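Coordinate inspection notes
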Amino acid sequence: MVSVSEGLRSLLRTKLRSALALTGIVIGVGSVITMISIGEIARETTRARFEALGTDIVTIGNVDGASIAPGRSIVFADALALANSVPSILETAPRIELYDGFVHAGKELARGPVHGVTEAFARINRLETAEGRFISHFDRHRQFCVLGADIANAMRRAGATHVVGGTIALMGRLFTVTGVLHEAAENHAVPFQLKADSSVFIPISTARRIRPETGIDVIVARTGPGIHYSQVTSNVQAWFRSRWKDLELTVTSPTQLVEQQEGQMRIMTLLLAATGSISLIVGGIGVMNVMLVSVTERRREIGIRRALGARRRDIQKQFLVEAAILSAAGGILGVLLGTAGTWTICRFTEWDFFVSMDATVSGIVVSSTIGIVFGFQPANLAARVDPIIALQG
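Residues numbered from 1 in each chain as written. Predicted model: local features only at pLDDT ≥ 70, side-chain atom pairs only at ≥ 80, totals over all residues. Heavy atoms only, no water.

Glancing now at a nonpolar patch on the surface. A surface patch of nonpolar side chains, amounting to about 310 Å² of accessible area, comprises Ile267, Met268 and Leu271. With respect to the helices and strands, Met268 occurs in helix H8 (residues 254-297). (Patch = residues over 30% accessible without salt bridge, like charges linked within 9 Å, V, L, I, M, F, W, Y side chains within 5 Å. Areas by Shrake-Rupley, 256 points an atom, 1.4 Å probe, with all protein chains shown as cover. Salt bridge = Lys/Arg side-chain N within 4 Å of Asp/Glu carboxyl O. Helix = DSSP H or I, 4+ residues; strand = E, 2+ residues; numbered from the N terminus.)

As C-alpha cells, then:
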C-alpha cells in the first residue's frame with residue numbers, strides 16, 4: 001500500500017505528462033473493446049435476422065442451368081414429388097422466373113420479374129397478401145396473377161380504383177389480379193433475389209404453358225425440425241441422382257450461409273482487434289517514455305532513498321508500481337471509452353447494445369501487462385542508479 005500511495009503521489013506531481021501517457025492506453029483499450037464488441041454485435045444481429053427469416057429452408061438449383069433437357073435440369077414432376085420422397089423435406093415450392101413489362105389501361109407500369117410459382121411459395125418465403133389471395137392450386141393454367149406492392153401502387157397511379165379484380169397485360173396476355181402483397185424486405189436467408197415488391201406472381205403451370213422452353217431455376221424447400229443442412233443436402237442429391245444420373249445440383253441452406261458469414265466476421269473482428277492493439281503498443285511506449293523521464297528527473301530522490309537504506313529491488317518495485325497504476329487507470333478509462341463508443345455506434349445503427357465481457361477483462365489485463373512490460377526497463381534503470389553519483393548531481 002505504501003508503494004501504491006507513493007506511486008500515486010509521484011504521478012500526480014507530473015499531471016500533464018501522466019495524462020499524455022494515459023491517452024495512448026485509453027485509446028488503445030477503448031478501440032479494442034469497441035471493435036471487438038461491434039464485431040460480436042454485428043455477428044449476433046446477422047444471425048438473429050437470418051433466424052427470423054427462416055433457417056429451416058434450403059434452395060435447390062441446377063449447377064448448369066443452360067440446358068433443360070431431361071436428366072440435365074430439374075423436372076417439374078420431380079420438384080413436386082420431392083417432399084413425398086425425401087423424409088427430411090416437408091414442403092417444396094419450385095419457381096420459374098421470367099421477365100416482362102406490365103401494362104394496365106394502355107400504360108406501361110414497369111418492367112420486372114414474373115415468377116411462376118405454386119401456392120407453397122408464399123408460405124415458405126413468408127409472403128403475405130394485403131388484399132385478395134395468393135396463387136392457389138385451383139388456378140392451374142389460369143391467367144391469374146398476384147402483384148407486388150410497387151406494381152400495385154403503379155397500377156393505382158395509372159387510374160385503377162380497384163386493383164384486385166382488375167387486369168394487367170404481360171407476356172402478350174391479359175391476367176386478372178387476384179391479390180396484392182404487403183411490402184416485403186428482401187429475404188437474405190435465400191441465395192437468390194426475389195424482389196417481391198417489383199414482381200408479379202403467376203401459376204407455375206401457366207408459366208410453363210406460355211414459355212415451355214423455360215425450366216425450373218430453383219426449388220425452395222422447408223426442412224424438418226432439427227435436421228442439419230448437410231443431411232438434407234446428402235438426401236436431396238442422392239434422391240435426384242437415383243432418378244437422373246447426370247443431374248448436377250447445388251443445395252444451399254441459410255444455416256450454411258450464416259456459418260460462412262460468421263467465420264468471415266470472426267476474422268474481421270480479429271483484424272480490427274489487431275489494429276486497435278497497435279494503439280495499445282503505442283500507449284505502452286508512451287508509458288516507457290514517461291518513466292524514463294521520471295528516472296532522469298528523480299535521480300537525486302533515488303540516491304537519497306538508497307542512502308537511507310532502500311535496496312535496488314525496492315526502487316525497482318516503486319517504478320513498476322507507478323507504471324502499473326498508470327496502465328491500469330488507462331485500462332479502466334479505456335473500458336469507459338469503449339463502452340461509450342459501442343453505445344454510440346449501436347444507437348445510430350439500431351443494433352442491440354452490449355459490451356463484450358471478454359474484451360473488457362482482457363483489455364484491462366493487457367493494458368496492465370503492457371504497463372509492467374514497458375515499465376520494466378525504466379524501473380531496472382532506476383534500480384541501477386549509483387547513489388553516490390546521484391547525490392553528487
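A few words on the pairing of strand E7 (residues 173-181). With three bridges joining them, strand E4 (residues 129-132) and E7 adopt antiparallel strand pairing. Its bridge partner lying in E7, Thr129 is registered against Leu181. Where strand E5 (residues 144-147) and E7 come together, four bridges link them in parallel fashion. Residue Cys145 lies in a different strand from E7, and its bridge partner there is Val177. (Pairing = 2+ DSSP bridges.)

Applying the stated rule across the entire model yields six salt bridges. Of the charged contacts, one joins Glu91 and Arg123 as a salt bridge, the two residues approaching to 2.3 Å between their closest N and O atoms. You can see Glu91 sitting in strand E2 (residues 89-104) and its partner Arg123 sitting in helix H4 (residues 120-124), a full 32 residues away along the chain. A relative accessible area of 45% means that Arg123 is categorised as partly exposed. A salt bridge links Arg95 to Asp217; its shortest N-O distance comes to 2.4 Å. Separated by 122 residues along the polypeptide, Arg95 in strand E2 and Asp217 in the loop between helix H6 (204-210) and strand E9 (218-223) bring together distant segments of the chain. Taking the relative accessible area as the measure of exposure, Arg95 reaches 3% and is therefore buried. (Buried < 20%, exposed > 50% of the residue type's maximum accessible area, 1.4 Å probe, protein only.)

Here the focus is the confidence of the model for the protein. Residues at a pLDDT of 70 or more form 85% of the protein, whose mean pLDDT is 80. A low-confidence stretch, residues 65-71 stays under pLDDT 50, and its non-local contacts, those more than four residues away or across chains, total 11 contacts. (pLDDT = per-residue confidence, 0-100. Contact = heavy atoms within 4.5 Å.)

The next subject is the packing of helix H3 (residues 76-85) against helix H7 (residues 229-243). Where H3 meets H7, the closest approach of the two axes is 11 Å, and the angle between their N-to-C directions is 125 degrees. When the axes of H3 and H7 are compared, the pair comes out oblique. For the crossing formed where H3 meets H7, the hand is right-handed. Contacts between H3 and H7 involve Asp78, Ala81, Leu82 and Ser85 from the first element and Trp239, Phe240 and Arg243 from the second. (Axes fitted to C-alpha atoms, helices over the stretch in contact; angles between N-to-C directions. Parallel < 35°, antiparallel > 145°, perpendicular 65-115°, else oblique. Left-handed = near helix turned anticlockwise from the far one by under 90°.)

What follows deals with the layout of surface pockets. Over the atoms rolls a probe the size of a water molecule, and its path tells where empty space is left. Its boundaries defined by the atoms lining it, the largest pocket holds a volume of some 340 Å³. Lining the largest pocket are 17 residues, and of these Leu80, Thr118, Glu119, His137 and Ile204 lie nearest its centre. Sorting the residues of the lining of the largest pocket by element identifies H3, E2, H4 and H6 as the ones contributing at least two each. For the lining of the largest pocket, the per-class residue count stands at seven nonpolar, five polar and five charged. (1 Å grid on protein atoms, 1.4 Å probe; cavity = no way out; pocket = protein on both sides within 12 Å on 5 of 7 lines; lining within 4 Å. Points joined across faces, edges and corners; volume = space filled by probe spheres on them. Nonpolar A, V, L, I, M, F, W, Y, C, P; charged D, E, K, R; others polar.)

What follows deals with the environment of Ile38. One can find Ile38 in helix H2 (residues 15-53). In this structure, the C-alpha to C-alpha distance between Ile38 and Trp351, residues 313 residues apart in sequence, is 9.4 Å. Ile38 has contacts with Thr342, Ile345, Cys346 and Trp351, leaving out every residue within four places of it along the chain.

The next thing to look at is the packing of aromatic side chains. On inspection of all chains with the given rule, the structure shows three aromatic pairs. Judged by centre distance (6.3 Å) and plane angle (45 degrees), the rings of Phe121 and Phe201 are tilted. Remark: Phe201 occurs in strand E8 (residues 200-203) and Phe121 occurs in helix H4; sequence separation between them is 80 residues. Phe201 shares its class with Phe121; the two are buried. Their ring planes at 55 degrees and their centres at 5.7 Å tell us that Phe134 and Phe201 sit as a pair that is tilted. Here Phe201 lies in strand E8 and Phe134 lies in the loop between E4 and E5, a separation of 67 residues in the sequence. Just as Phe134 is buried, Phe201 falls in that class too. Put simply, the rings of Phe121, Phe134 and Phe201 touch in pairs and so form one group of aromatic residues. (Phe/Tyr/Trp six-rings, centres within 6.5 Å; stacked < 30°, edge-to-face > 60°.)

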